[in-house]
Amino acid sequence: MAVELQAQTPVFAALADKTRLSLIAKLCRGRPHSISQLTKGSQLTRQAITKHLRVLESAGIVHGVRAGRENLFAFDPEPMEGIKAYLELVSEQWDQTLARLKAFVER
Amino acid sequence: MDSRIEKRIELKAPVSRVWRALTDYREFGEWFRVKLDGPFAPGRISRGHITYPGYEHVKWEAVVQKMEPERLFSFTWHPYAVDPKTDYSKETPTLVEFRLEKTANGTLLLLRESGFDKIPSGRRLEAFRMNDGGWTAQMKNLESYVAQKA
């Protein structure tokens, strides 16, 4: 059985952005953070941060948790350790390698 | 779980041309970005080093499995074996197969890499780290976090 690669936002695509990596770097240090906490100290607007959090959420790397009235975001390393994410990455490498082969034999 | 990657790509070149690009070690090296020490031969270890910018320190090693002219070229290797301090030889390698089929316009290439279920999970995270050198530090943070948690 081949592993299905296109279920949600691929983990690899979710990680391929510096803002999102910096959000993960903040979240993976400890407690869940609110959007306001994540926006503080960043150059970006609350809307932009929210958009990035949604991408991470869609890849399963972060998930929302409720604390009273507040919506917090927590880091979940599982998708990055999973074989699916690894295959995405190797698959991406093959796309590039085969594109080079195509250019090579067709020139 | 038999997890694998499969790709199919149409090449506008005759099968004989594609076969040469796959199995001539110098031609292979050009598009794969690896400098190989010598020709491929079934059952033989192929050695060399990566020429992809930023990965020149990485050694290439694969064991050629099958060379069925203009049909099938396959080898086993350790994907993302990029850390010089790690001994990958004890890990089960993956199998890479290139199959060629003649088409009206050229060649259909079917690539399959299989055996990923045997890759240790720690290596998967490492692969993410290595994928972009610029983000290595951040990914290291993640890795140590994950290691603490485990």
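The structure presented is a predicted model; accordingly, all values stated were derived computationally and were not measured.

Things to note about the overall build of chain A
Working step 1: When its secondary structure is counted, chain A shows six helices and three strands.
Working step 2: For chain A, the N- to C-terminal ordering of α and β elements is α-α-β-α-α-β-β-α-α.
Working step 3: Within the span of chain A, comprising 107 residues, buried residues form 29% of the whole.
Working step 4: A separation threshold of at least 6 residues defines the contact pool for chain A, and within that pool the share at least 24 residues apart is 59%.

Some words on helix α2 (residues 18–27) of chain A
Working step 1: Regarding α2(A), the residues found buried are R20(A), L21(A), L23(A), I24(A) and L27(A). Buried residues of α2(A), viewed axially, fall in a sector of 155 degrees; they line one side.

Looking at the nonpolar core
Working step 1: Judged by nonpolar contacts, the single largest core of 26 residues is most densely connected at V11(A), I24(A), L27(A), L56(A), I61(A) and V62(A).
Working step 2: Mapped onto this core, the elements with two or more residues apiece are α1 (11–15), α2, α4 (46–58), β3 (70–75) and α6 (83–106) of chain A.
Working step 3: Once residues lying within four places of it in the same chain are set aside, the contact partners of V11(A) are A59(A), I61(A), P79(A), M80(A), A85(A) and E88(A).
Working step 4: Judged by nonpolar contacts, the second largest core, of 19 residues, contains W19(B), F28(B), F75(B) and V96(B).

Looking at the sheet that holds strand β7 (residues 107–114) of chain B
Working step 1: With respect to topology, seven strands assemble into an open sheet ordered β1-β7-β6-β5-β4-β3-β2 (chain B), the strand pairing being antiparallel. Of all strands in the sheet, those bounded by a partner on one side alone are β1 (4–11) and β2 (34–36) of chain B. In this sheet, neighbouring strand axes are inclined to one another by 25 degrees on average, regardless of whether the strands run parallel or antiparallel.
Working step 2: Of the strands in this sheet, β1 and β7 of chain B touch α6(A), which is tilted by about 20 degrees from β1(B).

Things to note about the confidence of the model for chain A
Residues and elements named next belong to chain A.
Working step 1: In the predicted model, chain A carries a mean pLDDT of 83, and 91% of its residues have values of at least 70.
Working step 2: Looking over chain A, one finds the lowest element-wise mean pLDDT in helix α5 (residues 78–81), namely 72, and the highest in α4, namely 94.
Working step 3: Segment residues 1–7: pLDDT under 50, and eleven contacts once partners within four positions in sequence are set aside and those in other chains are kept.

Some words on the environment of L100(B)
All names here are of chain B.
Working step 1: Its location among the elements puts L100 in strand β6 (residues 94–102).
Working step 2: Between the C-alpha atom of L100 and that of L72, which follows or precedes it by 28 residues, the distance is 6.4 Å.
Working step 3: Residue contacts for L100: discarding those within four places in its chain leaves V15, V18, W19, E70, R71, T107 and L109.

A short note on the packing of α6(A) against helix α2 (residues 25–32) of chain B
Working step 1: α2(B) packs onto α6(A) with a crossing angle of 125 degrees between their chain directions and a minimal axis gap of 8 Å. Between α6(A) and α2(B), the angle is such that the two are oblique. In contact with T97(A), R100(A), L101(A) and F104(A) of α6(A), α2(B) contributes E30(B), W31(B) and F32(B).
Working step 2: The residue makeup of the contact of α6(A) with α2(B), split by class, is four nonpolar, one polar and two charged.

Structural notes on the sheet that holds strand β1 (residues 33–34) of chain A
Residue and element names in this part refer to chain A.
Working step 1: Taking strand neighbours across the sheet as the criterion, the three strands line up as β1-β3-β2 in an open arrangement whose pairing is antiparallel. A strand with exactly one partner marks an edge of an open sheet, and here the two such strands are β1 and β2 (62–67).
Working step 2: As paired elements, β1 and β3 share two bridges and run antiparallel to each other. The partner of S34 across the bridge, within β3, is L72.
Working step 3: Running over the sheet, α2 touches β1, β2 and β3 and is turned about 95 degrees from β3.
Working step 4: Relative to the sheet, α4 contacts β2 and β3, its axis offset from that of β2 by approximately 110 degrees.

Cut-offs applied
- Residues numbered from 1 in each chain as written.
- Chains lettered and ligands numbered in written order.
- Predicted model: local features only at pLDDT ≥ 70, side-chain atom pairs only at ≥ 80, totals over all residues.
- Helix = DSSP H or I, 4+ residues; strand = E, 2+ residues; numbered from the N terminus.
- Buried ≥ 20, exposed ≤ 12 C-beta atoms within 10 Å, placed from the backbone.
- Contact = placed C-beta atoms within 7 Å.
- Arc of directions from axis to C-beta.
- Core = buried A, V, L, I, M, F, W, Y, C linked by C-beta atoms within 7 Å.
- Pairing = 2+ DSSP bridges.
- Axes fitted to C-alpha atoms, helices over the stretch in contact; angles between N-to-C directions.
- pLDDT = per-residue confidence, 0-100.
- Parallel < 35°, antiparallel > 145°, perpendicular 65-115°, else oblique.
- Nonpolar A, V, L, I, M, F, W, Y, C, P; charged D, E, K, R; others polar.

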